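# Coordinate inspection notes
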Amino acid sequence: MNKEQFERMKNGKGFIAALDQSGGSTPKALLNYGVTEDAYSNEEEMFEQVHEMRKRIIKDKAFTSDRILAAILFKVTMNSKIDGKFTGDYLWEEKGIVPILKIDEGLDVEKDGAQLMKPFKHIDELLANAKERNIFGTKMRSVVKELNEESIKKVVEQQFDYAKKISAAGFVPIIEPEVDIHAKDKAEIEEVLKKYLVEELKKLDKDTYVMFKLTLPEKENLYEDLYDFDQTVRIVALSGGYSRDEANEKLRKNRGVIASYSRALTEGLNVNQTAEEFTKMLDDSIEKNYSASVEK
């Protein structure tokens, strides 16, 4: 583990840029950016297009370590280059931004009100690849949609089981059990989720560090107690379908929580914008996310 990066993630001021759309979410991300499906004819060309989008964001003068602590990457982005350097090395060496890798292989089918992660078939290979690319941490996502205590418990247990393996390999995992913002019993789901997060934290070895990426809760500061554990490095928030303004309004009400947005970061960016227009839009988005993350 890189100690300088660890210190930055634990105590730095800023937020995490999520640039990790993959698979099924990539065409929509490109469409929002103004790249239609007729611009590519296969998956390889699609990922080339999305790398160009991410490269433009990362290289922009508004995208700096003054406001951005880390960036979450997808495997293809991690293994692609920016100005001759692999993306993780470019982020850290040129920008001072910590590289993190999305590591899950997608969501399993919904069962009993939740979607576990699909079993990780390539985790050892992917972690070895991430080590070669100087990646600091990982991110993995499950989703809870209904108030079913047993399902919520399974989601949390699966996240922590993989987190221990990832930590043992030298990374700091982000545990992301998303709660659907449209869930009927969202507040109650979040209370149960917190209970099991605390239970699992109590079982962690003192040298196993984790971060949490959580849906902004109905009850303000619900997850603040997770910081009572030395193993908790950072709590970050996903936007989960809220607009950037909605997400940031909720974020401001939760002490110790910083943003980790994807769509709410890139909202308004377009392939056809001039360099000046692009920078202005990105700078405005970054400033809004940064302010909501640090002004508590």
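Just above, that's the structure.
None of the values given here were measured: they were computed from a predicted structure. (Residues numbered from 1 in each chain as written. Predicted model: local features only at pLDDT ≥ 70, side-chain atom pairs only at ≥ 80, totals over all residues. Heavy atoms only, no water.)

### Some thoughts on the pattern of salt bridges
Taken as a whole and assessed by the stated rule, the structure comprises 21 salt bridges. Here Asp83 makes a salt bridge to Lys59, at a shortest N to O gap of 3.0 Å. Within this pair, whereas Asp83 is found in the loop between strand 3 (81-82) and strand 4 (85-86), its partner Lys59 is found in helix 3 (residues 43-59), the two being separated by 24 residues in sequence. Owing to a relative accessible area of 53%, Asp83 belongs among the exposed residues under this scheme. Through salt bridges with shared partners, a single network forms among Asp20, Lys139 and Glu176. (Salt bridge = Lys/Arg side-chain N within 4 Å of Asp/Glu carboxyl O. Helix = DSSP H or I, 4+ residues; strand = E, 2+ residues; numbered from the N terminus. Buried < 20%, exposed > 50% of the residue type's maximum accessible area, 1.4 Å probe, protein only.)

### A word on the environment of Lys75
Position of Lys75 among the secondary structure elements: in helix 4 (residues 75-78). It is 8.5 Å that separates the C-alpha atoms of Lys75 and Ala130, two residues lying 55 residues apart in sequence. Beyond its immediate sequence surroundings of up to four residues, Lys75 is in contact with Leu101, Glu125, Leu126 and Asn129. (Contact = heavy atoms within 4.5 Å.)

### Looking at unusual backbone geometry
It is generally the case that most residues other than glycine have a negative phi and that most peptide bonds are trans. Despite not being glycine, Asp83 shows a phi value in the positive range, around 50°. Its identity as a non-glycine residue notwithstanding, Asn134 has a phi of 60°, on the positive side. By the secondary structure assignment, Asn134 is in the loop between helix 6 (123-132) and strand 7 (137-144).

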